[in-house]
Amino acid sequence: MYRRNTAIEVKEGIEMVSQKSSSWFFVRQSSSQHLQDTLALSGAQDWDYGKQRLWKDQQGEEGLEGICPSEDIPSRDSDKPRRNSSALSLKDINSRTTQVVFGYQEGKKVPKLKEPRSLYGVPKEIIPPKWPVGVEGICPPPSLALKHTTPPFIEELYQCPPGLNVRILEKVETDRHEGEVLYQLPSMRFPFFTRSRSETALPQIDYPLKEYDDDSLRFESRFECGNLFRARRVGPYEYELELRWDYYTMKHTQWFYFCCTNTVAGPTYKFTIINLLKSGSLYNEGMRPLLYSEENARTKQLGWVRTGHNIHYYKNNIRRKDVKGERYNYSLTWQFQFPHTGDTCFFSHCYPYSYTDLQADLLEIARDPVKSQYVKQRVLCHTLAGNMVHLLTVTTPSAHLAEAKQKRAVVVTARVHPGETNSSYMMRGFIKFLAGTSSDAKVLRDNFVFKIVPMLNPDGVIVGNYRSSLAARDLNRNYKNPIKDAYPSIWSVKQMIRRMLSEREVVLYCDLHGHSRKMNVFMYGCENKDPSRRLQERVFPNMMGRNTSKFKYSACRFKVQKKKEGTGRIVMWQQMGILNSFTMEATFAGYNNVHFNSKDLEDLGYHFCDTLLDYCDPDTSKVDHVLSSLTRIVRAQLAAKLGRSYDDVALADLQMSELESSDGGSDSSVSDGPPKLPMIRKKPNQGKKEKSTDCDSALIPLL
């Protein structure tokens, strides 16, 4: 704050005014030729008089925002009389500053000061990620120049040789732990998250090396999204690999992403990952790992490609450490040849998409003078490690408040599970289409308000987790009663949707995921038991299946299972009353005997938008036709199940979910307790109040 009795002074284009009475006004940076009148605002003593800070308003005008008191507003010309601040009307205020916004309270227009941009403003540059303490060093980020380039050929699923008995492979001895350990991560210093450090504060690891003293491969995974715990050489060209558990847990080994150097072209190498946990895998259905060769990218313009033969996924004889009883790990093995000698190659479970990649994509939109007009970005909250959770609002700006309130809302989120990178590519395609110039995109922006959270779990993404956050818990099992300090992104999303529902209808909620056991793309929904709205929750998925062959409606499930009551899909349906509440799952493999590439996944974002246009068309003929068709199909299924005639079956008599099996596919179906943190927030005892209220107070120790 400025002191009393100081005069106006101009330094480097800044007009500074001081206190002379009890009135208050802003200090603003002048334009290049004229110093602007400083806005006086009387009666503002209750406002937040924080430190001076640079800001940039919507018109791109930079300034130094501050508040200081004075009775009169000084003019640019000393010969002109000073204008008294009390004479300013709301119209004057609105025309002279972008720091005052207006809301409506009991029908009256009420001015208020904008939130400080430091709380929600998105930086205009890429911010290095923050890592938990315990990470002792970091490699330079992989320079994958063609990471989003798709190959110019079809990549078919791997066909296992005929006559192979996979059960025989279960007896293979893999617990010998012989050979030379070439790579191993240090143990974490703490059993739970304590604090974080910026990537710029971490020591840089020199990798890859310029010279090698033998023919062994060199491994590395200490970069963003990387995951490899140990590499052991057990033969001339055979390596045994172990993945790192999700931070502060002893489970969730599925995602891998690591680098190899000192390669030799020609020999057949064999990799075996020995500590996987899921009993089934798409690798036994023809899925192949991904390979990125820097030399291929330089000479052949090739990015990520599928690789490997003799691919098998089987149970080994290594007993699991995270559970009691006779339960064992699973192994994934594949053989391959490196394309070049002396190359740097990366292997991955799915196409990587990092927190830095997201920032780069959003920064490109923010710098576009057209797209930035209807794609507004802000920080929804910060994670445990202090990384940003981005929130995008996509809509055409409305000229009138009444027009804005008529728009319905659509909420789409992704990447609550860090290892499901295919969800980020679906989200990438969804955002690219909405921000595009097509007439369909314009129609959507004109009629809807899209609230988009493209990465719910950036902490897990950065460290290379498969499923958990740094609280060592699955965020998609904690929507029911989220603890603000432990699950800030989940708590903030719920609050955001609650505010949206108080202003407008939310026509659809969808959380994007990846699936490790099923082919194609499909949805999980919530069965509606209201007889007047029977089967309506199935209309949108059915329409999407009609719009693209990649989506398989017959794989969709609508059963509401008790063990899944903490998921976003069910909570938005039960607590928020959103009829169309879905989880959209994309396979890690593909469909019709062909692998998905990154473009196929991005196209699903377009198909989602196309289906939304059909579903919300004022002409309801398409919706009516689909609903009528669904009614006939379900009645026929019920009649066959009960052994009755078609005319004797009424939909209201039975639960539709009786026709469905479990949705399955998850090894983390039930929430596994409170967050693994030294201090958590817990709701204080409030008698018999409803237990589903979000926790937001009263610190108690966990240990």
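For every chain, the first residue of the written sequence is number 1, and numbering continues from 1 onward in sequence order. Local features are withheld for residues below a pLDDT of 70 in this predicted model, meaning they are given only at 70 or higher, and side-chain atom pairs are given and counted only at 80 or more; totals for whole chains, interfaces and linings count all residues. Note that the side-chain values use all heavy atoms of the structure and ignore hydrogens as well as water.

Fitted lines through C-alpha atoms serve as axes, helices being fitted only where they are in contact, and the angles separating the N-to-C directions of these axes extend from 0 to 180 degrees. By definition, any uninterrupted DSSP run of H or I lasting at least four residues is a helix, any uninterrupted run of E lasting at least two residues is a strand, and each is numbered from the N terminus. Following both chains from N to C, one finds helix α9 (residues 439-447) and helix α14 (residues 598-615) inclined at 60°, their axes separated by 11 Å at the closest point. Regarding the angle of α9 to α14, the classification is oblique. Seen from above, α9 lies across α14 with left-handed handedness. Judged by residue contacts, Asp440, Val443 and Leu444 of α9 engage Cys609, Leu612 and Leu613 from α14. Residues belonging to the contact of α9 with α14 are distributed by class as follows: five nonpolar, no polar and one charged. The cut-offs work like this: below 35 degrees is roughly parallel, past 145 is roughly antiparallel, 65 to 115 is roughly perpendicular, and the gaps in between are oblique. In this scheme the handedness of a crossing depends on how the near helix is turned from the far one: anticlockwise by less than a right angle means left-handed, clockwise means right-handed. Contacts are assigned to residue pairs that have any heavy atoms within 4.5 Å of one another. Residue classes follow a fixed rule: Ala, Val, Leu, Ile, Met, Phe, Trp, Tyr, Cys and Pro count as nonpolar, while Asp, Glu, Lys and Arg count as charged, and any other residue, Gly among them, counts as polar.

Stacked, tilted and edge-to-face pairs are distinguished by plane angle, under 30 degrees for stacked and over 60 for edge-to-face with tilted covering the rest, among Phe, Tyr and Trp rings (Trp via its six-membered ring) whose centres lie within 6.5 Å. Throughout the structure, instances matching the rule amount to 39 aromatic pairs. One aromatic cluster is present, built from ring pairs that chain together Phe219, Tyr237, Tyr239, Phe256, Phe258, Tyr269, Phe271, Trp334, Phe336, Phe338 and Phe347. The criterion for a charge sitting over a ring is simple: Lys NZ or Arg CZ within 6 Å of the ring centre, and within 35 degrees of the ring normal. Above the face of the Tyr374 ring, Arg445 is positioned so that its terminal group lies 3.8 Å from the ring centre. Just above the ring of Phe522 sits the side chain of Lys518; from NZ or CZ to the centre is 5.2 Å.

To continue, consider the pattern of salt bridges. Any Lys or Arg side-chain nitrogen located within 4 Å of an Asp or Glu carboxyl oxygen qualifies as a salt bridge. Using the criterion set out here, one finds 20 salt bridges in the structure. Notably, a salt bridge pairs Arg232 with Glu240, separated by 3.2 Å at the nearest N-O pair. Pair check on accessibility: Arg232 and Glu240 agree, each one buried. Its salt-bridge partner being Glu295, residue Arg298 comes within 2.4 Å of it at the nearest N-O pair. Taken together, the positions of Arg298 and Glu295, both in helix α4 (residues 294-300) and three residues apart, correspond to about one turn of that helix. On the basis of relative accessible area, Arg298 is assigned to the exposed category, the value being 57%. Because the salt bridges share partners, they merge into one network encompassing Arg230, Arg232, Glu240 and Glu242. A simple rule labels every residue: compare its accessible area, found with a 1.4 Å probe on the protein chains alone, to the largest value its type can have, and call it buried under 20%, exposed over 50%, or partly exposed in between.

The next subject is the sheet that holds strand β24 (residues 345-348). Spatial ordering of the open sheet is given by β15-β18-β24-β20-β21, a layout of five strands whose pairing is antiparallel. Pairing within the sheet leaves two strands with one partner each, and these edge strands are β15 (218-220) and β21 (305-306). When DSSP finds two or more bridges between a pair of strands, those strands are recorded as paired. Direction of pairing for strand β18 (residues 257-261) relative to β24: antiparallel, over a ladder of four bridges. Across the sheet, residue Phe258 finds its bridge partner in β24, namely Phe347.

What follows covers the pairing of strand β23 (residues 328-336). With respect to burial, β23 is a largely interior element, seven of its nine residues being buried. Where strand β19 (residues 269-276) lies against β23, six bridges are found, and the strand directions are antiparallel. Across the sheet, the residue bridging to Tyr269 is Phe336, located in β23. Here strand β22 (residues 309-319) pairs with β23 via six bridges, running antiparallel. Paired with Lys315 across the two strands is Tyr330, which belongs to β23.

As a further point, take the sheet that holds strand β26 (residues 388-394). Taken in spatial order, the seven strands of this open sheet run β25-β26-β28-β27-β29-β31-β30, and their pairing is mixed. Two strands in the sheet have a free side with no partner beyond their single neighbour: β25 (375-382) and β30 (521-524). Between one strand axis and the next, the sheet turns by 20° as a mean value, whatever way the strands run. Inspection of the sheet shows β30 paired to strand β31 (residues 581-587) by four bridges, in the antiparallel sense. Considered in β31, the bridge of Val521 is made with Ala586. In the packing of helix α8 (residues 422-434) onto the sheet, contacts are made with β26, β27 (408-414), β28 (448-453), β29 (506-515) and β31, and the angle to β29 comes to roughly 140°.

Axis separation between α8 and α14 bottoms out at 7 Å; the angle between their running directions is 50°. Overall, the two elements α8 and α14 adopt an arrangement that is oblique. α14 is crossed by α8, and the crossing has right-handed handedness. Each of Asn422, Tyr425, Met426, Arg428, Gly429, Phe430, Lys432, Phe433 and Leu434 in α8 lies in contact with α14, whose residues at this interface are Ser598, Leu601, Glu602, Leu604, Gly605, Tyr606, Phe608 and Cys609.

Here Tyr248, not a glycine, exhibits a phi torsion of approximately 65°, which is positive. Looking at the secondary structure, you find Tyr248 in the loop between β17 (238-242) and β18. A positive phi angle, close to 60°, is found at Arg415, a residue other than glycine. With respect to the helices, strands and loops of the structure, Arg415 is situated in the loop between β27 and α8. Of the residues examined, Arg415 reaches a relative accessible area of 1% and is grouped as buried.

Below, the discussion takes up helix α11 (residues 488-503). How far a helix is expected to stretch is found by multiplying one less than its residue total by 1.5 Å. For α11, with 16 residues, the first-to-last C-alpha span of 23 Å sits near the 22 Å given by 1.5 Å per residue. Every buried residue of α11 is accounted for by Pro488, Ser489, Ile490, Trp491, Ser492, Val493, Lys494, Gln495, Met496, Ile497 and Met500.

A word on the nonpolar core. We define the nonpolar core as a collection of buried residues of types Ala, Val, Leu, Ile, Met, Phe, Trp, Tyr and Cys that are connected through side-chain atoms lying within 4.5 Å of one another. Phe219, Phe271, Phe430, Phe450, Met523, Met584 and Phe608 are the most contacted members of the largest nonpolar core, which totals 156 residues. Aside from chain neighbours lying at most four places away, what touches Phe450 is Leu392, Thr393, Val394, Val410, Phe430, Leu434, Leu444 and Leu612.

The subject of this paragraph is the environment of Ser293. The topology assignment puts Ser293 in strand β20 (residues 290-293). A residue is classified by how much of its surface remains accessible, and Ser293, at 2% relative accessible area, is buried. Once the C-alpha coordinates of Ser293 and Val305 are considered, the two residues, 12 residues apart in sequence, prove to be 8.9 Å apart. Ignoring anything within four residues of it in the chain, the contact list for Ser293 reads Leu302, Pro339, His340, Asp343, Thr344 and Cys345. Polar contacts, as used here, are pairs of N or O atoms within 3.5 Å; protein pairs need one atom able to donate a hydrogen and one able to accept it. Residues neighboring in sequence count only if both atoms are side-chain atoms. A polar atom in the side chain of Ser293 sits 3.0 Å from the backbone nitrogen of Asn296. Only 2.3 Å separates the side chain of Ser293 from the side chain of Asp343, close enough to count as a polar contact.

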